[in-house]
Amino acid sequence: MKVFVVGSNGQIGQQLIQLLKNSEEHTVLAMVRKQEQADQLATQGVETVLADLEGTVDSIADAAMGCDAIVFAAGSGGTTGHDKTLLIDLDGAGKTIEAAQKAGIDRFIMVSAIQANNRANWHDNILPYYAAKHYADKVLELSGLTYTIIRPGILKNEPGTGKISAAENITSGNIAREDVAHVIMASLSEKNTYNRSFDLIAGEIAIPEALSRL
């Protein structure tokens, strides 16, 4: 399938794009905001399209037209204010879900945050981020799209192990961004992840088997 990646300039997005580019099963269309980002990805043989999460729903839908799946891996980042958290992590996600509906794209994978579904376990210092993720996930669940919501733990910049723990109520843990990218990739066609949400941390079970056990 052709996969439209939102957040392709982020650390998970960059790794996912390379996996998709080298896949025999999928192809990739990377959404970027700036021409220089598009130019850099073009040197790597990655197809890109210019669009902005702070733009219109129609512009995102037009950018994604012809794709078979959307991965939302975008985030405002830890250095921006709560306004960007609202505009990117919540409204940007909502716009992308609406764009998927407009473009006739049924498959949608959301990268959320561990325990975003459970207010009792939100961290006090990033409550606006958790609230944004919580309600973006709710919008996706009610959208009628074939969704998967992946809620990774604390993200680490270290080599992945290919082994994870995935379940609907893991309260804490960490995981390599590389492994998150591999889980997204595997979830695209793993029907056991369809219309499911789960927390994700490093573990002892190989990714394909862990997803099949959900």
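In what follows, the accompanying structure is described. (Residues numbered from 1 in each chain as written. Predicted model: local features only at pLDDT ≥ 70, side-chain atom pairs only at ≥ 80, totals over all residues. Heavy atoms only, no water.)

## Regarding helix H4 (residues 82–103)
Helix length check: H4, at 22 residues, gives a terminal C-alpha distance of 30 Å against a target of 32 Å (1.5 Å per residue), a fit within 8%. At Asp-91, H4 shows its strongest bend, of approximately 35°. Among the residues of H4, Thr-85, Ile-88, Asp-89, Gly-92, Ala-93, Gly-94, Lys-95, Thr-96, Ile-97, Ala-99, Ala-100 and Ala-103 are the ones counted as buried. The inward-facing, buried residues of H4 abut strand E1 (2–6), helix H3 (57–64), strand E4 (69–72), strand E5 (107–111) and helix H5 (127–141). Phi for Gly-104, located one or two positions after H4, is positive at around 70°. (Helix = DSSP H or I, 4+ residues; strand = E, 2+ residues; numbered from the N terminus. Expected span 1.5 Å × (residues − 1). Bend = angle between axes of the 7 residues up to and from the residue. Buried < 20%, exposed > 50% of the residue type's maximum accessible area, 1.4 Å probe, protein only. Contact = heavy atoms within 4.5 Å.)

## Some words on the sheet that holds E5
Spatially, nine strands are ordered E3-E2-E1-E4-E5-E6-E10-E8-E11 in an open sheet, and the strand pairing comes out mixed. A single partner strand is all that each edge strand has here, and the edge strands are strand E3 (47–50) and strand E11 (205–206). Two strands pair when backbone bridges link them, and E1 and E4 are joined in this way by four bridges, in the parallel orientation. In the sheet register, Phe-4 faces E4, and the bridge partner there is Ile-70. Most of the contacts of H4 go to E4, to which it runs at about 180°, and overall it touches E1, E4 and E5. (Pairing = 2+ DSSP bridges. Axes fitted to C-alpha atoms, helices over the stretch in contact; angles between N-to-C directions.)

## Comments concerning the packing of aromatic side chains
Here the structure, examined in full by the defined rule, presents two aromatic pairs. Ring centres of Trp-122 and Tyr-130 lie 5.8 Å apart, and the angle between their planes is 20°; this geometry places the pair in the stacked category. On the basis of relative accessible area, Trp-122 is assigned to the buried category, the value being 13%. For Tyr-130, a relative accessible area of 3% translates into the label buried. Ring centres of Tyr-129 and Tyr-130 lie 6.0 Å apart, and the angle between their planes is 80°; this geometry places the pair in the edge-to-face category. A relative accessible area of 28% places Tyr-129 in the partly exposed class. Three or more aromatic residues link up through ring pairs in this structure, and these residues are Trp-122, Tyr-129 and Tyr-130. (Phe/Tyr/Trp six-rings, centres within 6.5 Å; stacked < 30°, edge-to-face > 60°.)

## Some remarks on H3
Taken residue by residue, H3 has Val-57, Ile-60, Ala-61, Ala-63 and Ala-64 as its buried positions. Axial view of H3: buried residues confined to an arc of 160°, hence all on one face. Looking at the buried residues of H3, the elements they touch are E1, strand E2 (27–32), E3, E4 and H4. Immediately beyond the C-terminal end of H3, within one or two residues, lies Gly-66, with a positive phi of roughly 95°. (Arc of directions from axis to C-beta.)

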